[in-house]
Each structure stands twice: as structure tokens, then as C-alpha cells.
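# Structural overview for review
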Amino acid sequence: MQFFGKTFRWSQVALTALIGFLSIEIILLTLQNRELKTQLAEAISKPSPQEILKVGERVDPFYAATLNGTTKEFQYDDTTKKYLLFIFSTTCSYCEKNLSNWKSIEQSLQNSTMKISWLSTHPIDKTVDYAAKNQLTTEVCVVDTVFARKYKVYGVPLTILINSQGNVEKVWRGLLKEEDVLEMKSLVGVA
């Protein structure tokens, strides 16, 4: 029995040591997990400056799919025009809320030298339905991930004003406020 008692005590000691080791490991992993979550949240909430289009930055022409399935090249080669891009997603509630502002801007710019394009980040079939449902009458196209990377689209709604040389004049991220709409009209000379 004494032999059994010693074995029993050694197994208790080994089991206790194992439980202690695993407890310390769980605590360390929990702390590491918390730190990684904090770092991830900071990285997501604060895009680095190089990830955002800047005023004056030159943007390249791009290709997009039209709603009838053809491919169109967007170039900034007309020196008499400015270009306004409304970038949206068919499932974005903020884009839905922004529609009235975008349509108001579009209406006020009808007789201007502004070239307006609606650019969807979703597939053609969903975009066709969305455009019909929301009565988007101006050019609507679908862009791909190459466009998103070039134009630094990390969220929608996004409104970009580009001059005739292909330089960014202004970028509005998110929901447009009344002062944004007034600023936009002022920048294109319609205010």
C-alpha cells in the first residue's frame, strides 16, 4: 500500500503540475488574444494615409462592365469635363440613404459639363435590379477588385470628384451631409 500511496502522490503532483501549467498557458493565450483583437480593431478603424485617395492624386483610367455586359473604358481625356463617381453596393444601407443626395446632385448637374457615373461593387445581375428599382437613369457600371485597389475603395458609399486631367479634386466618404452636397455643387460651379 505504501508503494501504491507513493505512486498515488506522484500522480497527484504530476496532475497538479499539469493543471497549473495549462492554467498559466490559458491566461497567456487570453492576454495575447486580447492584444491581437486590440491591434486588429485599430488597424481596421484607422486606415493608413496611403490607403485613402488624396486631393491632387492622379488616378488611372479603368475598365468597368456596363449593365448590358460589355466592357467600357473610363478615361479622363475630355479637358472640358469633370468626372463625378458615385460608388455604391447594392446591399449597403448607407448607400440607400445616400441615393437622394446623389440624385439631387445629378439633377442639378444635368446641364453642366460634369460626367456622372454610378459604379457598383456588386455583380451585374444584382446591379441591374438595383438600378431599375431605384430608377438610376445615368450610366451605371460594375467595377472589379482592380478598380477598388487602384481607387482605394475600402468602403461605400464613396463619392469622388476628378478633374479633366485625372487628378482627384475631392473625396467624400460615407453619407453625404447637406454641407457636402453644397460643397460638391460649388466645386463644379453649380451652387
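For the structure, see preceding data.
In short, a report on the structure. (Residues numbered from 1 in each chain as written. Predicted model: local features only at pLDDT ≥ 70, side-chain atom pairs only at ≥ 80, totals over all residues. Heavy atoms only, no water.)

## A look at the packing of helix α2 (residues 93–108) against helix α5 (residues 178–187)
- Viewed as axis vectors pointing N to C, α2 and α5 meet at an angle of 25°, and their least axial separation amounts to 11 Å. Comparing the axis directions of α2 and α5 gives the class roughly parallel. When you trace α2 past α5, the crossing you get is right-handed. Each of N101, S104, I105 and S108 in α2 lies in contact with α5, whose residues at this interface are V181, M184 and K185. (Axes fitted to C-alpha atoms, helices over the stretch in contact; angles between N-to-C directions. Helix = DSSP H or I, 4+ residues; strand = E, 2+ residues; numbered from the N terminus. Parallel < 35°, antiparallel > 145°, perpendicular 65-115°, else oblique. Left-handed = near helix turned anticlockwise from the far one by under 90°. Contact = heavy atoms within 4.5 Å.)

## Quick notes on the nonpolar core
- Counting 22 residues, the largest nonpolar core has L84, F88, I105, W118 and L136 as its most contacted members.
- For this core, the secondary structure elements donating two or more residues are β3 (82–88), α2, β4 (114–120), α3 (124–133) and α5.
- With four residues, α2 is the single largest residue contributor to this core.
- Apart from residues no more than four positions distant in its own chain, I105 is found in contact with L84, F86, L176, V181, M184 and K185.
- In terms of nonpolar packing, the next biggest core, distinct from the first, is built from 20 residues, I87, C141, F147 and V153 among them. (Core = buried A, V, L, I, M, F, W, Y, C linked by side-chain atoms within 4.5 Å. Buried < 20%, exposed > 50% of the residue type's maximum accessible area, 1.4 Å probe, protein only.)

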